[in-house]
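The residues making up each chain are set out below.
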Amino acid sequence: MPRRGNTRVAELLRGLNEEQRAAVEAPIGPVLVLAGAGSGKTRVITHRIAYLIARYGVRPWNILAVTFTNKAAKEMKSRLEALLGQDVQPLNVGTFHSIFARLLRKEAYRFGYSQNFVIYDSDDQLQVVKKILNRLSLGQNSYPPQMVHALISRAKNNLVTPEQYKAQARDEFEANIARVYQEYNGFLKSSDAMDFDDLITLPVYLFREYPDVLEKYQNYFQHILIDEFQDTNVAQNELVLLLGSRHRSVFVVGDDDQSIYRWRGAEVRNILEFENAFPECQVFRLEKNYRSTRLILDAAHSVVKNNRHRKEKKLWTDREGGEPLTLIEAFDETDEAQQVVYLIQQEIKKHKRNFRDFVILYRTNAQSRAIEDALRRNGISYVIVGGIRFYERKEIKDFLAYLRVIANPLDEVSLLRIINVPPRGVGPATIRKLQEYASQKQTGLVEAMAAADEIPGIQSATRNNLKDLAGLLKKYRSLRDKIGLNELVRVLNEELGLSRMYRNEGTLESLSRAENIEELLAAIAEFCRNHEEATLESFLQEVALVTDIDNWNDTSNAVTLMTLHSAKGLEFPVVFITGMEEGLFPLSRSYQDPMDFEEERRLFYVGLTRAKEKVYLSWAQTRRRYADGFNNTLSTFVREIDERYIEPWSRESGYSTMRRRRPVRQKEEVEFEPMPEYENESQEKQLYIGCYVRHQVFGRGVVTEISGQGTGAKVKVLFEDGSEKKLVLEYARLEIL
DNA sequence: GAGCCACCCGTTTTT
DNA sequence: CGGGTGGCTC
């Protein structure tokens, strides 16, 4: 056994606590690490990798480490470099999506894909669904595209093929979904395109169909490490099992309390079943928290312990005490934002904090607007993560669509996007003629454009434009091998004149579009600087899989704004969680399914445990939703926090935010009234079909159906606004009238 | 084919 | 409220 670098081994174990060290030093084999928030999860994975290399002489390229974001992957690599003092580029570190996209570039030819397949983003995917629905004449009323798309995505994540979907279909609707699913896949394939789910599922099918390929990768990825294992879905789990079954060196780390992606197919069950899949597996627990004060941990625990579906565990810390949480009550979202800003300023004054010490979290992206306004008004610099992504802006997608068609002429969605941008006199009628011609001649749209002269019924100016566009695409296609990516995009931008066009338009909006395109060019230049062998294809792949959080730069001194989901894995000295209102957080849709409701609660838990020193919670009595206001009550989750850990904040005298819209109630009364009376009453009063009830969010209604018993009991209620909702009795807090 | 207007719909959360 | 779509007119 190679014994090189014993001192190095000792060195890298130093600084780990006993629990962490045990996991890192576990003999090679399947390992399950159940790690609480802030217990040093990522640290354990990083050190385990270093340990495999230093202690066993494992070659870096035989290691596969899956992180949740590209940013985490980058950080892991740089930490490893410091730890090992050697080049770690050969390591396979990345997200599931980026790692298997790379693998598919080499292997997907077996399924008829080229090396240059494109990756369709959600918007592209939706376009395809709409197109298919149209083709099959399925009305968008009974078949809402987003819903159909979600069903297809869920099927893919669960490794259900179109054929299986069809076989399992129980009614016409499902049978039709199966048809759409099938055609959707066909369309993607003929466009040489994959969606996000394909990047995971195709490797599974590849490994199942080609045992020799599986074996090749089993021997390549000999040691597998997965972070955030609680958020893997069925297909991802299958990949891990397939690849790991040979060498059985599979090291997974997760926390069931932090599972927040059930809605996109994640299965906490994967953690529990890991021990079945690998019976010889060793289990370790990390329960010491290094991040938060004792008080924050206790408060967070008093919330999450209300979940039925969790493994009981309690984090501990030697950071005793800490400041209590502060509850902010606001009139509306503007006032809420104003108070948050005021408190940030106070924190800076009193505790000498910097902007970068703060994060403001919210449940939905739409909430960011009011907060942004307040920050801007007060001259506080901020960065916002998520929301409308840079690469999803119209002008950026247009420019990228050109690049995508140049890389892959079969990419029909992208071609149709740019065929009339800038305007070329090409409308739906011309497109239809082109498509007819293409399918007649068994050729692509680009060829059809080049042959526009042969197609009757097209304006001659349009004809010339089409031929020009086909020529342009062809020209750049051959140019891409001759000049660098950076030059290519610059020349293309000159020739197309997109940024020039926007700049000349002169409106504020078009100016910002021009600037965005220029920013894209700068991003490409940067990409070329960082990647020596940068190609058009490699850039497009990078763009398809980056997320906002990957570009989030924590060195700039600014307050960070993001959703609770995006905050996973991060930490901040001071955390604000805004919009703590019934119906917003927890979101009202979650009342209908206890599993959804518990996921909301875990999301809150994730939010609380981001904080190192201080947590502020805020809620607004009214909040503008769409056009009109909305009356709120304080979130259940806030009321679940033990009273000992939280106190209300009242505006200091002399501090006036804005005109009071309505009289303020006594704060203490509002926040700390005991659980409402009717909660207990509902246990006693009999619920029956036809009886009148009141719901905190939906208002008055009549019970139309009761099903199930005990904790699973559900009621169907027809509300006054005409909507009918199925609610879980336990969470619905129905007042019986 | 393009541009303008009226309405409609929506909000989870993301790779 | 704001973006997107579909229908209408030129």
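Just above sits the structure.
Reading the values: rules and limits
- Residues numbered from 1 in each chain as written.
- Chains lettered and ligands numbered in written order.
- Predicted model: local features only at pLDDT ≥ 70, side-chain atom pairs only at ≥ 80, totals over all residues.
- Heavy atoms only, no water.
- Helix = DSSP H or I, 4+ residues; strand = E, 2+ residues; numbered from the N terminus.
- Buried < 20%, exposed > 50% of the residue type's maximum accessible area, 1.4 Å probe, protein only.
- Contact = heavy atoms within 4.5 Å.
- Areas by Shrake-Rupley, 256 points an atom, 1.4 Å probe, with all protein chains shown as cover.
- Pairing = 2+ DSSP bridges.
- Axes fitted to C-alpha atoms, helices over the stretch in contact; angles between N-to-C directions.
- Parallel < 35°, antiparallel > 145°, perpendicular 65-115°, else oblique.
- Left-handed = near helix turned anticlockwise from the far one by under 90°.
- Near = heavy atom within 4 Å.
- Polar contact = N/O pair within 3.5 Å; in protein donor to acceptor, adjacent residues only side chain to side chain.
- Nonpolar A, V, L, I, M, F, W, Y, C, P; charged D, E, K, R; others polar.
- Expected span 1.5 Å × (residues − 1).
- Salt bridge = Lys/Arg side-chain N within 4 Å of Asp/Glu carboxyl O.
- Phe/Tyr/Trp six-rings, centres within 6.5 Å; stacked < 30°, edge-to-face > 60°.

S.K.: Requested: an account of the overall build of chain A, with residues and values cited.
M.R.: A tally of helices and strands in chain A yields 31 helices and 20 strands. For chain A, with 737 residues in total, the buried portion stands at 55%. Taking as baseline every contact in chain A between residues at least 6 positions apart, the subset at least 24 positions apart corresponds to 74%. Counting every atom, chain A has about 32,900 Å² of accessible surface; 48% of that belongs to carbon and sulfur.

S.K.: Tell me about the sheet that holds strand S7 (residues 249-254), and please be specific about residues and values.
M.R.: Pairing in this open sheet of six strands is parallel, and the strands run S3-S2-S6-S7-S1-S8 from one edge to the other. Each edge of the open sheet carries a strand with a single partner, namely strand S3 (92-94) and strand S8 (282-286). Averaged over all adjacent pairs, the angle separating strand axes in this sheet is 10°, with direction ignored. For strand S6 (residues 223-226) and S7, the ladder comprises four bridges, and the chain directions are parallel. Within S7, the residue paired with Leu225 across the bridge is Phe251. Contacts from helix H2 (residues 18-25) reach strand S1 (31-35), S7 and S8, with the element oriented near 155° to S8. The strands touched by helix H5 (residues 96-107) are strand S2 (63-66), S3 and S6; relative to S3, the strand with the most contacts, the crossing angle is about 130°.

S.K.: So what's going on with the packing of helix H23 (residues 498-505) against helix H24 (residues 508-530)? Which residues, and what values?
M.R.: Following both chains from N to C, one finds H23 and H24 inclined at 155°, their axes separated by 7 Å at the closest point. Between H23 and H24, the interaxial angle falls into the category roughly antiparallel. Relative to H24, H23 is oriented so that their crossing is left-handed. Contacts from Leu498, Ser499, Tyr502, Arg503 and Glu505 of H23 reach H24 at Ser510, Leu511, Arg513, Ala514, Glu515, Ile517 and Glu518.

S.K.: For the protein's contact with DNA strand B, give the residues involved together with the corresponding values.
M.R.: Near DNA strand B lie 26 residues; those nearest to it are Arg363, Thr430, Thr547, Arg589 and Tyr626. Per the 4 Å cut-off to the protein, sugar and phosphate atoms form 49% of the nearby atoms of DNA strand B. Separating a phosphate oxygen of DNA strand B from a side-chain N or O atom of Ser566 is a distance of 3.2 Å. If you tally residues by element for the surface near DNA strand B, the top one is helix H19 (residues 428-440), at three residues. In terms of residue class, the surface near DNA strand B is built from nine nonpolar, 13 polar and four charged.

S.K.: Requested: an account of the packing of helix H10 (residues 198-209) against helix H11 (residues 211-220), with residues and values cited.
M.R.: Orientation of H10 relative to H11, taken along the N-to-C sense of each, is 110°, at an axis distance of 5 Å. By the criterion of interaxial angle, the relationship of H10 to H11 is roughly perpendicular. Touching Leu206, Phe207 and Glu209 of H10 are Pro211, Val213, Leu214 and Tyr217, all from H11. Looking at side-chain class alone, the contact of H10 with H11 contains six nonpolar, no polar and one charged residues.

S.K.: Provide a residue-level description of helix H4 (residues 70-84), including the pertinent values.
M.R.: Compared with the 21 Å implied by 1.5 Å per residue over 15 residues, the 21 Å span of H4 between its first and last C-alpha is a close match. Turning to H4, its buried residues number three or more, namely Asn70, Lys71, Ala73, Met76, Lys77, Leu80 and Leu84. Looking one or two residues beyond H4, the residue adopting positive phi is Gly85, at roughly 60°.

S.K.: Give a detailed account of the pattern of salt bridges, specifying residues and quantitative values.
M.R.: In the structure shown here, the tally under the stated rule is 54 salt bridges. Linking Asp124 and Arg404 is a salt bridge whose minimum nitrogen-to-oxygen distance equals 2.8 Å. Taken together, the residues span a long stretch of sequence, with Asp124 in helix H6 (residues 122-135) and Arg404 in helix H17 (residues 394-407) at a distance of 280 residues. Accessibility classification places Asp124 together with Arg404 in one group, the buried group. Between Glu571 and Lys612 there is a salt bridge, with the nearest N and O atoms lying 3.3 Å from each other. With Glu571 in the loop between strand S12 (559-563) and strand S13 (572-577) and Lys612 in strand S14 (residues 611-620), this residue pair connects regions lying 41 residues apart in the sequence. Among the charged side chains, a salt-bridge network with shared partners connects Asp121, Asp123, Asp124, Lys397, Asp398, Arg404, Asp411 and Arg417.

S.K.: How would you explain the environment of Leu272 if you had to name every residue and give the values?
M.R.: Locating Leu272 in the fold gives a position in helix H13 (residues 269-277). Considered as a pair, Leu272 and Gln230 are 42 residues apart in the sequence and their alpha carbons are 9.4 Å apart.

S.K.: Can you tell me about the packing of aromatic side chains, naming the residues and giving the values?
M.R.: Under the definition given, this model contains 23 aromatic pairs. Relative to Tyr220, the ring of Tyr217 has its centre 6.4 Å away and its plane inclined at 75°; by these criteria the two rings are edge-to-face. Here Tyr217 and its partner Tyr220 are both found in helix H11, three residues apart, which amounts to about one turn of the helix. The class of Tyr217 is buried, set by a relative accessible area of 6%. A connected cluster of aromatic rings, assembled from ring pairs, spans Phe585, Tyr591, Phe597, Phe604 and Phe637.

S.K.: Explain the sheet that holds S13 to me, using residue names and the numbers behind them.
M.R.: Read from one edge to the other, the open sheet built from seven strands follows the order S11-S12-S10-S13-S14-S9-S15, with strand pairing classed as parallel. Each edge of the open sheet is held by one strand with a lone partner, namely strand S11 (382-384) and strand S15 (646-648). Between one strand axis and the next, the sheet turns through 25° on average, direction left out of account. Here strand S10 (residues 358-362) pairs with S13 via four bridges, running parallel. When the bridges of S13 are listed, Phe358 appears paired with Val574. Where helix H14 (residues 294-304) meets the sheet, it contacts strand S9 (325-330) and S14, and its direction lies at approximately 45° from that of S14. The strands that helix H27 (residues 594-608) touches are S9, S10, S13 and S14; relative to S14, the one it contacts most, it runs at about 130°.

S.K.: How would you summarise unusual backbone geometry if you had to cite specific residues and measurements?
M.R.: The general pattern is negative phi for most residues beyond glycine and trans for most peptide bonds. Cis rather than trans, the peptide bond between Val421 and Pro422 has omega equal to -5°. Relative to the helices and strands, Pro422 is located in the loop between helix H18 (412-418) and H19. The linkage connecting Phe585 with the following residue, Pro586, adopts the cis geometry, with an omega of 5°. Here Pro586 is to be found in the loop between S13 and H27. Despite not being glycine, Glu228 has its phi angle at roughly 50°, a positive value. On the secondary structure map, Glu228 appears in the loop between S6 and helix H12 (234-244). In this model, Gln442 sits at a positive phi of 55°, which is unusual for a non-glycine residue.

S.K.: Tell me about the side chain of Ser414, and name the residues and values.
M.R.: In this fold, Ser414 is placed in helix H18. By relative accessible area, Ser414 is classed as buried at 2%. Residues in contact with Ser414, not counting those within four places in the same chain, are Tyr120, Ala401, Arg404 and Val405.

None of the figures reported here should be taken as evidence of function without further support.
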